[in-house]
Amino acid sequence: MARPGLREHARPRRRRGLATCVAAALGLAAVPLAVAEGAVTTLYVGGAGCSDTGSGTATVPYCTIAKAAKVAIAGQTVLVSSGTYTDEVFPWHSGVSGSPIVFRPAPGAAVTISGAKHGFTISNQSWITVSGFTIQGSTSNGIYVFNATGVTLSGNTVRTSGKRVSGATAYGMYLNSMTGSLVQGNLVTDNSASGIFVTNGSTGNQLLGNESSWNAYGYVRNAVGIDLRAPGNLVSGSRVHDNEDSGIQSYPGGDRNTIVGNVSYHNMGFTTAVLSNCSAPPTGNTAGCITGDHGIDDFGVTGSSVVGNTVYGNVSAGINLEGVASGTSTGFTIANNVAVDNAIGCPDGAGGTVKCPRTRGNIRVDSTSQLGTQVDSDLVNLSTAGTMMVWGSTSYTSLAAFRTASGQEPRGIQADPRLADPARGDFTLGAGSPAVDSADSGAPGEATTDAAGQARVDDPATVNSGLGPRAYDDRGAYEYQPSTVSQVTP
Amino acid sequence: MNRSSAPSRLRPLAGAALALGVAVSVAAGASAIAGGATDDAARGPAAAVSRTGPASSVPSPAECTSMRAVAADVAGATSASGTGASVHAARGRAAALARATSSDDVREVAQNLADDLAAYRVALTTASADPGEAREAAGRRADLDVMIRGHVTAMRRLCGH
C-alpha cells in the first residue's frame with residue numbers, strides 16, 4: 001500500500017536466494033545488496049522536514065548524505081538538495097556493474113560538502129558513482145578511495161583540502177588500489193598536496209578531462225596536478241596548470257601509463273603569494289619555495305606513452321624523462337606533442353632558487369633514460385633563444401642539431417604552432433599551424449578525438465603529412481577545426 | 001545552511017559485529033534494506049551493520065610499534081650513510097604496514113611513505129657524472145626528504161606523539 005508522496009517506495013519484495021543468505025551469514029562473500037523489482041530507486045537528502053530517522057523519501061528526506069550512504073544499495077540514486085553539508089559520506093554497500101549506487105545533487109541543486117575529514121570515503125565498496133558535488137575544506141583528502149572497482153567520480157569540484165603545514169596536508173583525490181574506474185570532468189584545485197594521486201596498484205583507470213590546478217604544499221616543491229604512482233592508467237584530455245610541482249608526473253610504480261591529449265601549462269608555482277614557511281635551500285628559493293617544475297615528468301618509470309599533449313610555459317623541461325635504471329630499456333614513446341617555451345625563465349617567486357630553471361629544454365631525456373626511448377613527430381619552439389632539446393647530457397638549441405646528434409625526431413618540427421591565446425589558456429591551433437594534419441596517428445595511445453572531445457578533422461587547406469591510419473591528425477592536444485571540413489573520423 | 005550532524009560511523013560496532021559472525025543479520029535485514037528508505041530501527045539493530053564495515057582510523061598499539069620501527073628504518077636509510085638497499089628495505093617495511101593495516105589513516109601515511117621512499121631510492125641510485133643531472137637528482141632527493149620526514153611526523157602524530 002503506497003502512502004501519498006511515497007509512490008517510489010513500494011513494499012520491499014526482496015527475494016534473496018538461500019545460498020546467498022547463507023553465504024552472507026557466514027561472511028563468505030560480500031554479495032552486493034540490490035534493489036528488488038519495484039523497490040525504491042531514489043533516496044532524497046536535504047530540504048524541509050528532513051529526518052535521519054525518516055525514510056529518505058521526497059517528503060521526508062534524510063538530513064545527511066551520510067545517512068543515505070549508510071542505507072543505499074545497488075541501483076539506488078541518492079539525490080541531494082542544495083546546501084552545505086558537513087558529512088563525511090561513507091557508502092556502506094557496493095553497487096554492482098550496471099547498477100551502481102549514485103550520489104548526485106538534485107536537478108538544479110548546488111551541493112557543497114565542507115569541513116569533513118573526507119568529503120567522500122569509498123573504502124572496500126565498489127560500483128559507486130559520485131557526481132556534481134563541491135567538496136571543500138576537508139581536513140584530509142577531499143575524496144578518498146581504497147580497494148574499489150567500478151567507481152565513477154565525475155563533475156566534482158574538490159578544493160582546499162588540508163592545510164599547507166607539514167602533517168596536515170591533503171590531496172584532492174587520493175586513489176589507492178582503485179581499478180577499472182573513471183575519473184572525469186572534475187576540477188581539483190587549491191589543495192595542499194597533489195590534486196589527483198593514484199597509488200598502490202591502482203590500474204585500468206581512466207582519468208579524462210579533469211582540470212587540476214593551483215595545488216601546493218607551500219613548504220616543499222611536491223604538489224603535482226596528477227600524480228601517478230601506479231601502472232596501467234590512462235590520463236587524457238586534462239588541463240593541468242599552475243601547480244607547485246609538475247603538471248602530470250609518473251613516479252616509481254607508475255609504469256605503462258598513457259598520457260595522451262592533455263594540456264599542461266604554466267606549472268611555475270605561485271608568483272604572487274610568497275610563503276614564509278619554506279624549507280631551507282636547496283629545496284626551494286629563499287623568498288618562497290613554490291617554484292613549479294615540468295609539464296609532464298616521468299621519473300624512474302618505463303613503458304609509458306606521452307603522446308599528443310600540449311606542454312607550454314612550464315618552469316623546467318617541458319616533457320622530462322629521467323631516472324630509469326642505467327641499461328634498462330625505457331620502452332617509452334614521446335610523440336605528437338606540441339612543446340613550446342618551456343624552461344626559458346623563472347617566475348618572480350622562483351628567482352631565489354639555487355638554479356632556475358633546474359632543467360632545460362622542451363623535451364629532455366637524461367643520460368640513463370635514452371635506451372629504448374622513441375621521440376618523434378613532436379613540434380617544438382622557443383620564442384627566445386634557449387635550450388630546445390636535451391638528449392643525455394647534451395643540450396641542443398635547435399631541433400635540427402638534436403636530430404643530427406640523436407637520430408630522434410626524424411619527423412619533428414621546430415616552428416611556431418600558432419596557438420590561439422596561450423596567455424589566456426587557449427591552446428587551440430590557429431589556421432596554418434604546422435601542427436595541423438601532420439601527426440602520427442599510429443603512435444601508441446593516439447586518440448580519435450582531441451582534448452575537447454572533437455573528432456579528428458582533415459583540414460582542406462593543409463596537405464596531409466601525417467602517418468598511420470589517419471594522415472590528418474594534428475599534433476598537440478587540440479585538433480584544428482576548419483570552417484570547411486572535408487573528412488571526419490567516424 | 002548546514003543540515004548535517006556528526007557522521008554516524010558505528011565503526012566499532014561494525015567491527016565487533018563482523019568479528020562475532022553476526023553477518024547473518026545482514027541477511028535477516030535484507031528484506032528491509034530492499035525498501036531502501038527504511039530507518040535503522042525499522043531494519044533492526046543489526047541491519048545497521050555494514051557488510052564490510054567502515055575501517056577504523058585509530059592505529060592499534062601493535063601498529064604504533066610497527067610505525068616506530070619503520071620510522072627508525074627511515075631515519076637510518078635517509079641519513080648520510082643510507083644506501084639504496086637500506087632505503088629499499090625501509091620502503092618494504094612501510095609498504096607491508098600499508099598492506100596489513102585496517103586503518104585508513106595508517107594505510108595512507110604508510111603508503112605515502114613507501115611511495116616517496118621508492119622515488120628517493122631512484123634519486124639516490126641514479127647518480128650521474130653530469131653536473132646538471134646530479135644537481136637535478138640532488139634537488140629531487142632534497143624535496144623527497146622533506147616529504148619523507150613529513151610522513152614520519154604524521155605517523156608519530158597518529159600514535160599520539
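Residues numbered from 1 in each chain as written. Chains lettered and ligands numbered in written order. Predicted model: local features only at pLDDT ≥ 70, side-chain atom pairs only at ≥ 80, totals over all residues. Heavy atoms only, no water.

A.B. asks: Would you mind going over the overall build of chain A in detail, with residue names and values included?
C.D. replies: The helix and strand tally for chain A stands at three helices and 37 strands. Each of the 490 residues in chain A was classed as buried or not, and the buried ones make up 59%. Across chain A, the fraction of contacts at a sequence separation of at least 24, relative to all contacts at a separation of at least 6, is 66%. Of the accessible surface of chain A, which amounts to about 15,900 Å², a share of 52% is contributed by carbon and sulfur atoms. (Helix = DSSP H or I, 4+ residues; strand = E, 2+ residues; numbered from the N terminus. Buried < 20%, exposed > 50% of the residue type's maximum accessible area, 1.4 Å probe, protein only. Contact = heavy atoms within 4.5 Å. Areas by Shrake-Rupley, 256 points an atom, 1.4 Å probe, with all protein chains shown as cover.)

A.B. asks: Describe the environment of A:Phe299, listing the residues and the values that go with them.
C.D. replies: Assignment of secondary structure puts A:Phe299 in strand β24 (residues 296-299). Owing to a relative accessible area of 2%, A:Phe299 belongs among the buried residues under this scheme. Distance in space between the C-alpha atoms of A:Phe299 and A:Glu322 is 5.1 Å, their sequence separation being 23 residues. The residues contacting A:Phe299, other than those within four sequence positions of it, are A:Ser250, A:Tyr251, A:Pro252, A:Glu322, A:Gly323, B:Ala119, B:Val122, B:Ala123 and B:Arg140.

A.B. asks: So what's going on with the pairing of strand β31 (residues 373-376) of chain A? Which residues, and what values?
C.D. replies: Looking along a regular strand, one sees the side chains alternate between the two faces of the sheet. All names here are of chain A. By the alternation rule, side chains of β31 split into Thr 373 and Val 375, which are all buried, and Gln 374 and Asp 376, of which none is buried. In terms of strand pairing, strand β28 (residues 332-335) meets β31 through four bridges, oriented parallel. Bridging across to β31, Ile 334 finds its partner in Val 375. (Pairing = 2+ DSSP bridges.)

A.B. asks: Could you give an account of the sheet that holds strand β29 (residues 338-340) of chain A, naming the residues involved and the relevant values?
C.D. replies: Residue and element names in this part refer to chain A. Ordered in space as β3-β5-β8-β11-β14-β17-β20-β23-β26-β29-β32-β35, the twelve strands form an open sheet in which the pairing is parallel. Where the open sheet ends on each side, the last strands, each with one partner, are β3 (83-85) and β35 (413-414). In terms of strand pairing, β29 meets strand β32 (residues 379-381) through three bridges, oriented parallel. Across the sheet, Val 340 pairs through a bridge with Asn 381, a residue of β32.

A.B. asks: So, the state of the cysteines: which residues are in play, and what are the values?
C.D. replies: Residues and elements named next belong to chain A. Tallied over the entire structure, the rule returns two disulfides over all chains. A sulfur-sulfur separation of 2.2 Å characterises the disulfide bridge that pairs Cys 50 with Cys 63. On the S-S bond that ties Cys 50 to Cys 63, the torsion sits near 95°, and the link is right-handed. In this pair, Cys 50 sits in the loop between β1 (42-45) and α2 (65-71) while Cys 63 sits in the loop between β1 and α2, placing the two residues 13 residues apart along the sequence. Classification of Cys 63 as buried rests on a relative accessible area of 14%. (Disulfide = S-S within 2.5 Å.)

A.B. asks: Provide a residue-level description of the packing of helix α4 (residues 61-77) of chain B against helix α6 (residues 104-125) of chain B, including the pertinent values.
C.D. replies: Residues and elements named next belong to chain B. At a minimum axis distance of 12 Å, the contact between α4 and α6 shows a crossing angle of 15°. As summarised for this structure, α4 and α6 are arranged roughly parallel, according to the angle between their axes. In terms of crossing hand, the pair formed by α4 and α6 is left-handed. On α6, the residues touching Glu 63, Met 67, Val 70, Val 74 and Ala 77 of α4 are Val 106, Leu 113, Leu 117 and Tyr 120. (Axes fitted to C-alpha atoms, helices over the stretch in contact; angles between N-to-C directions. Parallel < 35°, antiparallel > 145°, perpendicular 65-115°, else oblique. Left-handed = near helix turned anticlockwise from the far one by under 90°.)

A.B. asks: Kindly report on the packing of aromatic side chains, identifying the contributing residues and their values.
C.D. replies: Scanning the model with the defined rule gives eleven aromatic pairs over all chains in all. Within the aromatic cluster, the residues linked to one another by ring pairs are A:Tyr144, A:Tyr171, A:Tyr174 and A:Phe197. The lysine or arginine in question, B:Arg140, covers the ring of A:Phe299, its NZ or CZ lying 4.2 Å from the ring centre. (Phe/Tyr/Trp six-rings, centres within 6.5 Å; stacked < 30°, edge-to-face > 60°. Lys NZ or Arg CZ within 6 Å of the ring centre and 35° of its normal.)

A.B. asks: Just give me the short version of the pairing of strand β5 (residues 111-114) of chain A, but keep the residues and values in it.
C.D. replies: Residue and element names in this part refer to chain A. When β3 meets β5, the two strands line up parallel, connected through three bridges. Within β5, the position partnered with Gly 83 by the bridge is Val 111. As defined by bridge partners, β5 adjoins strand β8 (residues 134-136) across three bridges and the pair is classed as parallel. Along β8, the bridge assignment pairs Ile 113 with Ile 135.

A.B. asks: For the packing of α6(B) against helix α7 (residues 131-158) of chain B, give the residues involved together with the corresponding values.
C.D. replies: Residues and elements named next belong to chain B. Following both chains from N to C, one finds α6 and α7 inclined at 160°, their axes separated by 9 Å at the closest point. In this view, α6 runs roughly antiparallel relative to α7, as classed from their interaxial angle. Where α6 crosses over α7, the handedness of that crossing is left-handed. On the side of α6, the interface is formed by Asp 105, Val 106, Val 109, Ala 110, Asn 112, Leu 113, Asp 116, Leu 117, Ala 119, Tyr 120, Ala 123 and Leu 124, while α7 contributes Ala 137, Arg 141, Leu 144, Asp 145, Met 147, Ile 148, His 151, Val 152, Ala 154, Met 155 and Leu 158. Residues belonging to the contact of α6 with α7 are distributed by class as follows: 17 nonpolar, two polar and four charged. (Nonpolar A, V, L, I, M, F, W, Y, C, P; charged D, E, K, R; others polar.)

A.B. asks: Go over the nonpolar core with me, naming the residues and quoting the values.
C.D. replies: Counting 65 residues, the largest nonpolar core has A:Ile65, A:Phe103, A:Phe133 and A:Leu153 as its most contacted members. Discounting chain neighbours no more than four positions away, the residues touching A:Phe133 are A:Ile65, A:Val80, A:Phe103, A:Arg104, A:Pro105, A:Val111, A:Ile113, A:Phe120, A:Gly155, A:Asn156 and A:Thr157. (Core = buried A, V, L, I, M, F, W, Y, C linked by side-chain atoms within 4.5 Å.)

A.B. asks: Describe helix α3 (residues 399-406) of chain A, listing the residues and the values that go with them.
C.D. replies: Residue and element names in this part refer to chain A. Within α3 the residues assigned to the buried category are Leu 399, Phe 402 and Ser 406. Within α3, the buried residues cover an arc of 60° as seen down the axis, which keeps them to one side. Buried residues belonging to α3 abut β32, β33 (389-391), β34 (394-396) and β35. Remark: Gly 407 follows α3 within two positions and exhibits a positive phi of approximately 80°. (Arc of directions from axis to C-beta.)

A.B. asks: Explain unusual backbone geometry residue by residue, including any values.
C.D. replies: Residues and elements named next belong to chain A. One non-glycine residue, Arg 256, lies in positive phi territory at about 55°. Structurally, the position occupied by Arg 256 is in the loop between β21 (248-250) and β22 (258-260). For Arg 418, which is not glycine, the phi torsion reads 60° and is therefore positive. Residue Arg 418 is classed as partly exposed on the basis of its relative accessible area of 46%.

A.B. asks: Before we move on, can you summarise the pattern of salt bridges with the specific residues and values?
C.D. replies: This model, assessed by the stated rule, comprises 15 salt bridges over all chains. The residue A:Lys117 makes a salt bridge to B:Asp105 at a minimum N-O spacing of 2.6 Å. Of the two residues, A:Lys117 sits in the loop between β5 and β6 (120-123) while B:Asp105 sits in helix α6, which places them in two different chains. A residue is classified by how much of its surface remains accessible, and A:Lys117, at 24% relative accessible area, is partly exposed. Residue A:Arg229 is joined to A:Asp227 by a salt bridge in which the shortest nitrogen-to-oxygen separation is 2.9 Å. (Salt bridge = Lys/Arg side-chain N within 4 Å of Asp/Glu carboxyl O.)

A.B. asks: Provide a residue-level description of the confidence of the model for chain B, including the pertinent values.
C.D. replies: Taken over all residues, the pLDDT of chain B has a mean of 69, while the share at 70 or more is 64%. Considering only residues more than four positions removed or in separate chains, one finds that residues 1-51 of chain B, a stretch of pLDDT under 50, has 121 contacts. (pLDDT = per-residue confidence, 0-100.)

A.B. asks: Kindly report on α6(B), identifying the contributing residues and their values.
C.D. replies: Two residues of an α-helix separated by three or four positions point the same way, owing to the 3.6 residues in each turn. All names here are of chain B. Along its 22 residues, α6 runs 31 Å from first to last C-alpha, staying within 8% of the 32 Å computed at 1.5 Å per residue. Most of α6 sits out of view: 19 of its 22 residues are buried. Its side-chain oxygen placed 3.3 Å from the backbone nitrogen of Asp 105, Ser 103 serves as the N-cap of α6. (Expected span 1.5 Å × (residues − 1). Polar contact = N/O pair within 3.5 Å; in protein donor to acceptor, adjacent residues only side chain to side chain.)

A.B. asks: Help me get a handle on the side chain of A:Asn210, residues and values and all.
C.D. replies: All names here are of chain A. Along the polypeptide, Asn 210 turns up in the loop between β16 (206-208) and β17 (211-213). Of the polar contacts made by the side chain of Asn 210, one reaches the backbone oxygen of Val 183; its length is 2.9 Å. For Asn 210, the contacting residues outside a window of four places in its chain are Val 183, Gln 184, Gly 185, Asn 186, Ile 196, Gly 237, Ser 238 and Arg 239.

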